[in-house]
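The primary structure of each chain is shown beneath.
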Amino acid sequence: MNLALMQSVVSVADESLEQALDFEALESAFEQDSGPTVLAGCRAVLARVNERLKQRFFGGAPVEEIVGLRAFCIDEVIRRAWHYCGPGDSAHALLAVGGYGRGELHPYSDVDICIVLGSALDDDTRGRIERLITFLWDIGLEVGHSVRTVDECESAASGDITIMTNLMEARLVEGPAALLEAVRAATATDRIWATDLFFKAKLDEQERRHQRFNDAFQQLEPNIKESPGGLRDIQIIAWVANRHFQTAGLRGLIENGFLTADEYAALVRGRHHLWRIRCALHYLAGRREDRLLFDYQRRVSEVFGFVDESHNRAVEQFMRGFYRTVRELGRLNEMLLGLFQEAILHPDREARASPLNRRFQVRGNYIEVTSDQVFRRTPPALLEIFLLIQRNPWIKGVRASTIRLIRESLYLIDDKFRRDIRARSLFMEIIRQPRLIGHELQRMHRYGVLAAYLPEFARIEGLMQFDLFHVYTVDEHLLFVLLMMRRFSYPVTTEDQPDLVRQAIERIPKLELLYIAGLYHDVGKGTGRDHSEVGAQEATAFCLAHGLSNYDTNLVAWLVNNHLVMSATSQREDIYDPEVIQRFAAIVGDEARLDYLFLLTIADIRGTNPQLWTGWKRSLIFELYLATLRALRTGIEARVERVERTEATRQEARKLIDTERFPEHSVSLLWGTLSEEYFLRHRPIEIAWHTETILEADEDDLPLIALRNFDSKGGTSVFIYATDSDFLFAIATATLDRLRLDVQDARIITSSAGYTLDTFTVLDAETRSVVDDAQRLHDIQSRLRSALRAREIAPARATPAVSRRLRNFSVPASVTFTPDTVNARTVMEVIAADRPGFLSLVGRAMQNQGVRLHDARIATIGERAEDYFYITDFDDRPFENAVRQDALRGEIIAALND
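Cut-offs used in this document
The written sequence of each chain sets the order in which its residues are numbered from 1. Residues qualify for local features only when their pLDDT is at least 70, as the model is predicted, and side-chain atom pairs are given and counted only at 80 or more; totals for whole chains, interfaces and linings, by contrast, use all residues. Just so you know, side-chain values use all the structure's heavy atoms and leave hydrogens and water out. Helix and strand definitions here come from DSSP, where helices need a minimum of 4 consecutive H or I residues and strands a minimum of 2 consecutive E residues; each element is numbered from the N-terminal end. In a helix, the anticipated span is given by 1.5 Å times the number of residues less one. Throughout this description, buried means an accessible area under 20% of the type-specific maximum (1.4 Å probe, protein chains only), exposed means over 50%, and partly exposed covers the range between. Pairing between strands is defined by DSSP: at least two bridges between them are needed. To obtain an axis, a line is fitted to C-alpha atoms, over the contacting stretch when the element is a helix, and the angle between two such axes runs from 0 to 180 degrees between their N-to-C directions. Put simply, buried Ala, Val, Leu, Ile, Met, Phe, Trp, Tyr and Cys residues joined by side-chain atoms within 4.5 Å make one nonpolar core. Here a residue-residue contact requires only that any non-hydrogen atoms of the pair lie within 4.5 Å. Salt bridge, as used here: a side-chain nitrogen of Lys or Arg that lies within 4 Å of a carboxyl oxygen of Asp or Glu. For Phe, Tyr and Trp, where Trp contributes only its six-membered ring, two rings pair if their centres lie within 6.5 Å, and the inter-plane angle classes them as stacked under 30 degrees, edge-to-face over 60, or tilted in between. Think of it as a cone above the ring: NZ of Lys or CZ of Arg counts as a charge over the ring if it is within 6 Å of the ring centre and within 35 degrees of the ring normal.

J.: I'd like a rundown of helix α39 (residues 774–790), residues and numbers included.
T.: An ideal rise of 1.5 Å per residue puts 24 Å on 17 residues; α39 measures up with 25 Å between its terminal C-alpha atoms. At the exit of α39 stands Arg791, carrying a positive phi of roughly 55°.

Have a look at this one:
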């Protein structure tokens, strides 16, 4: 809001102003005899201003009135303070700058001021300015200030674009207007920051800011000011317009032919929507808060009047409205900056147009239509333009006038358009291109074309995933998954194309099938039905409509319907059990499907949340892939596979053992006490490590504790060899928790000689990385040995305050039991919010209830733990007594909910 607009708001709302600011009380405060009394009076006046404006806001007053009145009220306070304890004479000027200068002062925003000196800064003036700033802080204002001469303003602004921007928005609060005019003259475009340099700097500033947010308009916890499509994107438009046209505000863009009346209305409407959200955030937080965190989203949605509906919660409705707003603002921002670029950087020359075909040409490396009738005459050209950008990588983007025409032509994409063979062929060509698929699909999404062409995609546009591990909306997630897929072929980092991924991507015959599966795997969300099944149906319809064969259609539908199977199998089942591998191989069916599913799974996890793709998850997915590939190629039955794998593992492990130090008969004697399961669940290198560790120790050395990092493991292996004890798991996990280690996997093996061989894979709880510090490794070894020898369960470390994200999600603890008839055991599944000491609490409960643990599967998804424990009673019989199950369930739930 510029000065004129702020004055307009105030002038038409005199009654509101009187209600907001008690002028009599303000005057009275400054007439008090003592300093403390003046401070107290001013604090009281500001408190009443804040409360009255808050009541007006929640009572439905226009947000532009709230921010304008607050700026005006602060003016009145600061003006009086200037004369009370500041310089207070006509030699110096007090300017409001930044948002305060624009008259857009939100409830807890900083109050930025610049004191412009009209004469030398003597000791008396310096002292008065210091008292003024102290006074403003003492009455509760968060003040950002600078003290400069006019020349110093010019010097500071010439070296810092932020200072330049603040001074552009300067507004006189008190003092001689001539000083403000002098500052404006000193910082004019003929002195510093010529329009083209200013524009380039601001454009670069926006690009860097967007990159900090991964260029995502729809993050689940966006920043109202800084995220793409946020208030900064509107402000940069106003700043550039101000610098170039010497006009304040956005309306001047209509007069200068850059905005239509409808676009201006959309821009102002979007700004006011974001202002309302920002005001609500400030009031609800009781401080400056520009992040729309989960903590506030429900409460802000209530402020906006949303209520829960079936399959559509209030918060989801509110956030979809927010995402539509920022996406529209992002489109306007891109279009306007493109127009500015043409007007500011190339004002005196009309670049030569190079024709691409009858419909499109390139001017200055930007594609444009040859006529404003192109889309009306040939509607499929709305897709063709993106294909041309893919085929001509030297094209930098779309001319702003053509972006506007695309937006105005979206109505042409109707059912007739979608049935047009030309449109269908063009879309499939876009999917089949070797480059820029993800980039151009994102551009199509940004311009509204993708949602117009695919109604099923429009249904999930802006649909938030209110959970603990997604960080993007469904539509943003799908496009990020495609970007991850493209990186398999064109890697940006070494993590994008490890050898297994490279081999798989080279084997699959049709990359477009992978991309279609990626685009459709979550489109079924928000329907209230199984999203995998709904997505498979939608994908089938798409494939058939776009001329894919029955085989290709069935493959895409199968991928969408089973896109979670590989991840779930790797994390929840024993991937070292040949029967598990055989069952998974039976689901997959052939190597081609396995390759496709492997790549889809990786891209899906990486596109969900970068923090989910840990080294440990990677190792699980890769091992499952290799084991299944082997099973599909050999076709060996599970029983035969178990025997052959066991023998092959033994032979490989023997090759790794130092036979001079550890004779064959000693190794055979030890291995004779170990079950087939041990050799199936460990790799040869691990078996060799265990064997050498055990054989070089004496009985007096027990319990043995050894630690090692394996390159392919993604975690630190902690090996424990001790006399079998039913308390060992509880003691070990409690100690690991005290050492701030998170257990990723636990393998519990008991030998026929009465010893337990337990292997825990752990990560540092803070860094989520392996432990490689020698001193810390030694400390872990020492602490574990001491705890196991003392047979003492370490007290759980103090439970920290529930994480900010976790507070907003309910993950009630649940415990279920299912029989494992093959192994004569019971599988106990525990689902709950993850917390420090999770496994040790479960271990204590099992110990108290007379339960023996034989194996465990640890899976943490976001901040939700889904762990599986394979248990029996102390007599090694299945734990199937209902009464005892209820007792164990009750103790675990009570412990985890404490």
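J.: Can you tell me about the pairing of strand β10 (residues 716–723), naming the residues and giving the values?
T.: Counting buried positions over the 8 residues of β10 gives 7, a clear majority of the element. As paired strands, strand β9 (residues 704–709) and β10 are joined by 6 bridges and run antiparallel to one another. Each residue of the ladder has a partner; that of Arg708, found in β10, is Ser717. As judged from the 8 bridges shared by β10 and strand β12 (residues 755–764), these two strands associate in the antiparallel manner. Opposite Ile720, over in β12, you have Asp758 as the bridge partner.

J.: Would you mind going over the sheet that holds strand β3 (residues 143–149) in detail, with residue names and values included?
T.: Reading across from one edge, β3-β2-β1-β4 is the order of the 4 strands in this open sheet, with mixed pairing throughout. Across the chains shown, the open sheet's two edge strands, defined by having one partner strand only, are β3 and β4 (171–174). In this sheet, adjacent strand axes meet at a mean angle of 30° when their direction is disregarded. Strand direction decides the pairing type here: strand β2 (residues 111–117) and β3, joined by 7 bridges, are parallel. The residue of β3 that forms the bridge with Val111 is Val143.

J.: Give a description of the nonpolar core that names residues and reports values.
T.: In this structure, Phe340, Phe427 and Phe598 are the most contacted members of the largest nonpolar core, which totals 212 residues. A per-element tally of this core places helix α16 (residues 314–345) first, with 14 residues. Apart from the residues within four sequence positions on either side, Phe340 is in contact with Phe199, Ile237, Val240, Ala241, Phe245, Leu253, Phe258 and Leu345. Counting residues in each nonpolar core, the second largest holds 44 residues, with Leu736, Leu784, Val815 and Ala832 among its members.

J.: Can you explain the pattern of salt bridges? Please cite residues and give values.
T.: Applying the stated criterion to the full structure yields 56 salt bridges. With a shortest N-O distance of 3.0 Å, Asp595 and Arg507 are connected by a salt bridge. Placement of Asp595 in helix α32 (residues 591–608) and of Arg507 in helix α26 (residues 499–507) is noted, with a sequence separation of 88 residues between them. Residue classification places Asp595 among the buried residues on the basis of a relative accessible area of 4%. The salt bridge partner of Arg825 is Glu677, with a shortest N-O separation of 3.9 Å. One end of the pair, Arg825, is in strand β14 (residues 825–833); the other, Glu677, is in helix α36 (residues 676–681), and 148 residues separate them in sequence. When its relative accessible area of 11% is taken as the criterion, Arg825 is described as buried.

J.: I'd love a proper account of the pairing of strand β11 (residues 741–750), names of residues and values included.
T.: Counting buried residues along β11, 8 of its 10 residues qualify, which places the element largely inside the surrounding structure. Between β11 and β12, which pair antiparallel in sequence order, lie 4 residues; one of them, Gly754, sits at a positive phi of approximately 90°.

J.: Break down unusual backbone geometry for me, citing the residues and quoting the values.
T.: In this model, Leu702 is joined to Pro703 through a cis peptide bond whose omega is 0°. Located in the positive-phi region is Leu436, a residue other than glycine, with phi close to 65°. For Leu436, the position within the fold is in the loop between α21 (421–432) and α22 (437–447). Of note in this structure, Ala824 is not a glycine but carries a positive phi near 55°.

J.: Go over the packing of aromatic side chains, please, and point to the residues and values.
T.: The full count for this structure, using the stated rule, is 27 aromatic pairs. With a centroid separation of 5.9 Å and 40° between ring planes, the pair formed by Phe30 and Phe135 is classed as tilted. Here Phe135 lies in helix α7 (residues 123–138) and Phe30 lies in helix α3 (residues 23–30), a separation of 105 residues in the sequence. The class of Phe30 is buried, set by a relative accessible area of 13%. Phe135 sits in the buried class, given a relative accessible area of 6%. Between Phe427 and Tyr453, the aromatic rings sit 5.0 Å apart at their centres with planes inclined by 35°, giving tilted as the arrangement. Residue Phe427 is located in helix α21, and its partner Tyr453 is located in helix α23 (residues 449–453); the two are separated by 26 residues in the primary sequence. Classification of Tyr453 by relative accessible area gives buried; the value is 2%. Aromatic ring contacts, followed pair by pair, group Phe417, Phe427, Tyr453, Tyr520 and Phe542 into a single cluster. Over the ring of Phe679 we find Arg650, and its NZ or CZ is 4.2 Å from the ring centre.

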